[in-house]
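The lines below spell out each chain.
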Amino acid sequence: MSIENLKTFDPFADAAADDDPGSSSKQEDYIHIRIQQRNGRKTLTTIQGLPSKFDRKKILTVVRKKFACNGTVVIDANMGEVIQLQGDQRKYMQEFLCDKKGLELDPKTIKVHGF
Amino acid sequence: MASAEETKDTATSHSLAPTDDEAPPADDAVLDLGKKKKKKVKKTEDGEGADGEAAADGGLDLTLKKKKKKKVPKEGTEDEFAAKLAALDLEKDGGDGEETAAGEQSGDMEQGTGIWKHDETKEISYELLLERFFSLLSQKNPDHASTGSRSYKIPPPQCLREGNKKTIFANIEEICKRMKRSSEHVTAYLFAELGTSGSVAGSKQLVIKGRFQQKQIENVLRKYIIEYVTCKTCRSPDTDLNKGENRLYFITCNSCGSRRSVTAIKTGFSAQVGKRRKMQG
Ligand SMILES: [Zn+2]
């Protein structure tokens with residue numbers, strides 16, 4: 001016989017997380033993947049808002065090899081550490097962030113911008 | 001079988017309905033294409049059965065009387081005949097019908113010419129009537145016409161290249177009007193999404209730095225519409241964007257009245273592109 005009340009599972013746990021998009025804390029947690037045009041056909045991909053538990057340098061070394069592109073970590077006054085990659089890596093990056101072999105992040109927290 | 005032959009004949013050559021019985025063969029031939037339909041109609045509608053029957057029985061000239069015969073069966077009470085006729089009619093419709101649709105059922109429904117004339121007695125095919133229904137509906141009541149498939153249409157963005165490095169978005173004003181949003185808001189979103197900047201040129205055109213294709217601008221506009229135009233509850237695009245309390249923006253739906261907050265447009269991180277940053281120190 002189980003006593004419902006003693007369970008540690010909170011049925012409303014994710015309801016709170018899903019709702020009110022207005023709550024600022026949730027808002028800031030998004031990871032933004034953006035694209036910028038450079039000269040000619042060249043583009044730049046930036047990844048902003050990665051959770052601080054990840055080491056950007058390590059991500060970079062993995063990603064550089066994986067996507068065969070160069071990249072750096074830029075430290076921005078407002079946005080913190082931002083990963084910057086050469087070329088349009090948005091799709092690959094999104095996959096990498098959500099992938100089990102990657103960072104295993106929730107796709108809902110990732111926003112891909114651009115065309 | 002006289003009836004079969006006759007029916008066949010009818011398929012190939014019909015005479016005018018009104019002059020059915022008396023119509024001279026020559027007339028028939030001339031009017032043929034144009035009037036087939038009429039004949040049919042008349043057959044069904046008019047009480048010329050007696051004449052037609054007589055003709056059929058007497059083995060009248062096939063070319064002239066085909067129509068009549070057809071008529072006869074339709075009108076006639078004889079079951080056999082009726083069944084045969086029905087079969088023939090079907091055939092006719094299959095073969096001839098197409099011709100008639102193309103040849104006869106023309107005319108401008110707007111101007112009421114051809115088959116759409118007020119006093120026209122020709123049968124109008126179901127497809128044509130259906131077409132007319134939808135064209136009228138979309139004309140007079142566009143809201144209703146669009147509810148079904150929720151087709152929200154904005155004109156495609158017009159993109160021109162200015163020089164080698166800039167893109168002109170020519171009809172931003174028109175598109176903004178259609179979405180009921182200020183061009184400033186749309187512009188801010190475009191710049192944030194495309195990671196670029198730009199300016200407004202004289203004739204309300206937007207000049208965007210960078211090279212963008214129409215498809216790309218369109219994609220961004222699509223995202224904008226999903227995020228800032230359509231109602232999340234009823235998906236209606238008929239909404240207003242207003243500044244609410246706390247510097248938040250709210251979308252109010254004019255169809256269902258629901259209200260939701262939307263995030264402000266944020267440019268986010270923007271990488272140093274082009275000129276090198278000035279050396280520090
Ligand atoms: Zn609504």
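One structure accompanies this document, and this report is about it. Quick caveat, the model's predicted, so the values are computed rather than measured.

Side note on the packing of aromatic side chains
To describe a pair of aromatic rings, one takes the distance between the centres and the angle between the planes.
Argument step 1. Taken as a whole and assessed by the stated rule, the structure comprises 7 aromatic pairs over all chains.
Argument step 2. Ring centres of Phe 115 of chain A and Phe 212 of chain B lie 5.7 Å apart, and the angle between their planes is 65°; this geometry places the pair in the edge-to-face category. Pair noted here: Phe 115 of chain A is in the segment after β5 (110-112) and Phe 212 of chain B is in the loop between β4 (205-209) and α10 (214-229), and the two residues belong to different chains. Like Phe 115 of chain A, the residue Phe 212 of chain B is buried in the burial classification.
Argument step 3. Positioned over the ring face of Phe 115 of chain A is Arg 90 of chain A, at 5.1 Å from the centre of the ring.
Argument step 4. The ring of Tyr 30 of chain A carries Lys 111 of chain A above its face, with NZ or CZ at 4.6 Å from the centroid.

Observations concerning the pattern of salt bridges
Residue and element names in this part refer to chain B.
Argument step 1. Scanning all chains against the criterion turns up 7 salt bridges over all chains.
Argument step 2. With a shortest N-O distance of 3.4 Å, Lys 180 and Asp 240 are connected by a salt bridge. Of the two residues, Lys 180 sits in the loop between α8 (172-179) and α9 (183-194) while Asp 240 sits in strand β5 (residues 239-243), which places them 60 residues apart along the sequence.
Argument step 3. Under the relative-accessibility criterion, Asp 240 is labelled partly exposed at 26%.
Argument step 4. A salt bridge links Glu 218 to Arg 222, with the shortest nitrogen-to-oxygen separation between them at 2.5 Å. With Glu 218 and Arg 222 both in helix α10, this residue pair falls 4 residues apart, about one helical turn.

So, unusual backbone geometry
All names here are of chain A.
Argument step 1. For Ala 68, which is not glycine, the phi torsion reads 50° and is therefore positive.
Argument step 2. Relative to the helices and strands, Ala 68 resides in the loop between α3 (56-67) and β3 (71-76).
Argument step 3. By relative accessible area, which is 68% here, Ala 68 ends up exposed.
Argument step 4. Of note, the phi angle at Glu 104 is positive, near 55°, even though the residue is not glycine.
Argument step 5. Within the secondary structure layout, Glu 104 lies in the loop between α4 (90-98) and β5.

A few points about the nonpolar core
All names here are of chain B.
Argument step 1. Within the largest apolar cluster, 25 residues are counted, with the highest numbers of intra-cluster contacts made by Phe 169, Met 179, Val 186, Leu 190, Leu 194, Ile 208 and Ile 217.
Argument step 2. No other element matches the 7 residues that α10 contributes to this core.
Argument step 3. Dropping the residues within four chain positions of it, Ile 208 is found in contact with Lys 165, Lys 166, Thr 167, Phe 169, Phe 191, Leu 194, Thr 196, Ser 197, Gly 198 and Ile 217.

Here we look at the coordination of the zinc ion
All names here are of chain B.
Argument step 1. Looking at the metal site, the zinc ion is ligated by Cys 231 (SG), Cys 234 (SG), Cys 253 (SG) and Cys 256 (SG), spaced 2.2 to 2.3 Å from it.
Argument step 2. Coordination at the zinc ion is tetrahedral: its 4 donor atoms span angles of 106 to 112° at the metal.
Argument step 3. Coordination of the zinc ion draws on donor residues from a single chain, spaced C-x2-C-x18-C-x2-C in sequence.
Argument step 4. A relative accessible area of 4% places Cys 253 in the buried class.

Section: the interface of chain B and chain A
Argument step 1. Taken residue by residue, the interface counts 20 residues in chain B and 20 residues in chain A.
Argument step 2. Between chain B and chain A lies a buried interface of about 1800 Å² when both sides are counted; carbon and sulfur atoms form 50% of it.
Argument step 3. The tally of links between chain B and chain A comes to 0 salt bridges.
Argument step 4. Summed over the shared surface of chain B and chain A, the number is 7 residue pairs in polar contact (both at pLDDT 80 or more).

A few points about the packing of α3 of chain A against α4 of chain A
All names here are of chain A.
Argument step 1. Packing of α3 against α4 leaves a shortest axis separation of 11 Å and a crossing angle of 130°. Here α3 is positioned oblique relative to α4, judged by the angle of their axes. Handedness of the crossing formed by α3 with α4: right-handed. Across from Ile 59, Val 62, Val 63, Lys 66 and Phe 67 in α3, the residues of α4 making contact are Tyr 92, Met 93 and Phe 96.
Argument step 2. Residues that form the contact of α3 with α4 fall into these classes: 7 nonpolar, no polar and 1 charged.

Topic: α3 of chain A
All names here are of chain A.
Argument step 1. For α3, which comprises 12 residues, the first-to-last C-alpha distance of 16 Å matches the rise-based estimate of 16 Å (1.5 Å per residue) to within 8%.
Argument step 2. Taken together, the buried positions of α3 are occupied by Arg 56, Ile 59, Leu 60, Val 63 and Phe 67. Summarising the axial view, the buried residues of α3 lie within an arc of 100°, below the 170-degree limit, and thus occupy one face. In this structure, α3 carries Lys 57, Lys 58 and Lys 65 as exposed residues pointing more than 90 degrees from its buried face.
Argument step 3. Buried residues along α3 sit against β3, β4 (80-86) and α4.
Argument step 4. N-capping of α3 is provided by Asp 55, with a side-chain oxygen placed 2.9 Å from the backbone N of Lys 57.
Argument step 5. Phi turns positive, to about 50°, at Ala 68, one or two residues after α3.

A closer look at the sheet that holds strand β1 (residues 31-37) of chain A
Residue and element names in this part refer to chain A.
Argument step 1. Strand order in the open sheet formed by 5 strands is β3-β4-β2-β1-β5, with mixed pairing between adjacent strands. Every other strand in the sheet has two partners, leaving β3 and β5 as the edge strands with one partner each. In this sheet, adjacent strand axes meet at a mean angle of 25° when their direction is disregarded.
Argument step 2. Where β1 meets β5, 3 bridges bridge the pair, whose relative direction is parallel. Counted as the bridge partner of His 32 is Lys 111 from β5.
Argument step 3. Across the sheet, α4 is in contact with β1, β2 (43-48), β4 and β5; its angle to β1 comes to roughly 165°.

Here is what the cut-offs are and how they apply
- Residues numbered from 1 in each chain as written.
- Chains lettered and ligands numbered in written order.
- Predicted model: local features only at pLDDT ≥ 70, side-chain atom pairs only at ≥ 80, totals over all residues.
- Heavy atoms only, no water.
- Phe/Tyr/Trp six-rings, centres within 6.5 Å; stacked < 30°, edge-to-face > 60°.
- Helix = DSSP H or I, 4+ residues; strand = E, 2+ residues; numbered from the N terminus.
- Buried < 20%, exposed > 50% of the residue type's maximum accessible area, 1.4 Å probe, protein only.
- Lys NZ or Arg CZ within 6 Å of the ring centre and 35° of its normal.
- Salt bridge = Lys/Arg side-chain N within 4 Å of Asp/Glu carboxyl O.
- Core = buried A, V, L, I, M, F, W, Y, C linked by side-chain atoms within 4.5 Å.
- Contact = heavy atoms within 4.5 Å.
- Donors = N, O, S within 2.8 Å, 3.2 Å for Na, K, Ca; no water.
- Tetrahedral: all angles 85-135°; square planar, octahedral: opposite > 155°, others 65-115°.
- Buried area = accessible area lost by both parts, 1.4 Å probe.
- Polar contact = N/O pair within 3.5 Å; in protein donor to acceptor, adjacent residues only side chain to side chain.
- Axes fitted to C-alpha atoms, helices over the stretch in contact; angles between N-to-C directions.
- Parallel < 35°, antiparallel > 145°, perpendicular 65-115°, else oblique.
- Left-handed = near helix turned anticlockwise from the far one by under 90°.
- Nonpolar A, V, L, I, M, F, W, Y, C, P; charged D, E, K, R; others polar.
- Expected span 1.5 Å × (residues − 1).
- Arc of directions from axis to C-beta.
- Pairing = 2+ DSSP bridges.

These results come straight from atomic positions and should not be treated as a statement about function.
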